[in-house]
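Overview (structure and organization)
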Amino acid sequence: MRIVLGAQSLAQCLRDHTFADGTSPELVDVRPTHRAFAPMVNAQAYDLSELAIVTFLQAFAAGRPILLLPVTALARFQHHCLVSIAGAVASPADLPGRTVGVRSWSQTTGVWVRALISDDHGIDLRTIRWRVYEGSHVSGVEDPDFVVRAPEGAKLVDDFRSGAVDAAILGNELPDDPRVTCLIDDPPRAAAAWYARTGAVPINHVVVASSQYARKQPERVHEAFQAMLAAKPAPRPTSNPDFAPCGFDAMRPSLELASRYAHEQGLLARPVSVDEVIAATVDVLGSHPALFHGRPDVM
């Protein structure tokens, strides 16, 4: 089993795992992890892989032979990711008519942040000039007609620092620069209110398997899934949400929101329902309760 996982706790648990048949998985080192996404969805280059949740939804809608294992590899609140330099833009209300950069229209952080702009601040996304620097990981998927591609060779962080874009959506690329200001006031408080309203955490990355491999080796995929469940830290007595939901029940609110937002933003021709995602996984792997409830003790 060839595996790409950027989430270190998940990667380590599989690196240490020996399957029941005595074999061990092969962990493939791809950095940054998102470079594995296009090969995974377009050519099933790996048997199991971390994948952006929006890339999964687009690939699933396009009929690519991958299935979701209900494991969260990365999740975080996104309210701090909408930024400007030195107050070039003061708040989301100032965004209409301005140019906003985002690495890719299908980038998951961008989808979550644009939903905040639209839902929480009532702004029509088409009134903003959007500049992107990469296409979708899923071949054949085009951006909406109101999205403009940056010139060849341009880089988002450079354009952000120079003022070529008025604001940007930046996740891991956020520069350590004292001039950077967040457009959403008091991000932790805004995120807490958003969570209280939606009951969801913004999932960035999930885990998927090649359908062809899963049909040939379902027990290995089950074993890998169970190992990842067992590696999840025990819940702590805290008011913070669980940022590593596992199982379809726990992940359903996030999957439903991600699908709705992707559809509203022109990334999906129609929303992908969680039930059809579950059905596809069950069709290949069988109806194991752990796949639904994320419990390592019931399979």
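In what follows, the accompanying structure is described. As a convention, each chain's residues are numbered from 1 in the sequence order in which they are written. This being a predicted model, a pLDDT of at least 70 is required before a residue's local features are given, and a value of 80 or more before pairs of side-chain atoms are given or counted; all residues contribute to the totals for chains, interfaces and linings. Side-chain numbers come from the whole structure's heavy atoms, not from hydrogens or water.

**Observations concerning the sheet that holds strand β2 (residues 26-27)**
- Any two strands with at least two DSSP bridges between them are considered paired. Numbering of helices and strands starts at the N terminus; helices are DSSP runs of H or I of at least 4 residues and strands are runs of E of at least 2. The strand order across the open sheet formed by five strands is β2-β1-β3-β11-β4, and the pairing between neighbours is mixed. Two strands lie at the open edges of the sheet, namely β2 and β4 (66-75), each paired on one side alone.
- With seven bridges connecting them, β4 and strand β11 (residues 203-210) associate as antiparallel partners. Bridge pairing in β11 places L68 opposite V208.
- Lying over the sheet, helix α8 (residues 218-231) contacts β3 (48-52), β4 and β11, oriented at roughly 15 degrees with respect to β4. Contact between two residues is taken to exist if any of their heavy atoms lie within 4.5 Å; hydrogens are not considered. Between the N-to-C directions of two axes lies an angle of 0 to 180 degrees, each axis being a line fitted to C-alpha atoms and, for a helix, fitted only over the stretch in contact.

**Section: the pairing of strand β5 (residues 82-85)**
- Both faces of β5 are covered, namely the face carrying L82 and S84 and the face carrying V83 and I85.
- Both β5 and strand β9 (residues 167-169) contribute to a ladder of two bridges, which runs antiparallel. For V83, the partnering residue across the bridge sits in β9 and is A168.
- Where β5 lies against strand β10 (residues 180-182), three bridges are found, and the strand directions are antiparallel. In the strand pairing of β10, S84 is matched with T181. Burial classes: relative accessible area under 20% of the type maximum marks a residue as buried, over 50% as exposed, and values in between as partly exposed (1.4 Å probe, protein chains only).

**Observations regarding the packing of helix α4 (residues 108-120) against helix α9 (residues 248-264)**
- For the pair α4 and α9, interaxial distance at closest approach is 10 Å and the crossing angle is 75 degrees. When the axes of α4 and α9 are compared, the pair comes out roughly perpendicular. For the pair α4 and α9, the contacting residues are V111, W112, A115 and D119 in the first and S254, L257, A258, R260, Y261, A262 and E264 in the second.
- Asp, Glu, Lys and Arg are counted as charged, while Ala, Val, Leu, Ile, Met, Phe, Trp, Tyr, Cys and Pro are counted as nonpolar; the rest, among them Gly, fall into the polar class. A breakdown of the residues in the contact of α4 with α9 according to their chemical character gives seven nonpolar, one polar and three charged. Angle categories: roughly parallel below 35 degrees, roughly antiparallel above 145, roughly perpendicular from 65 to 115, and oblique for all the rest.

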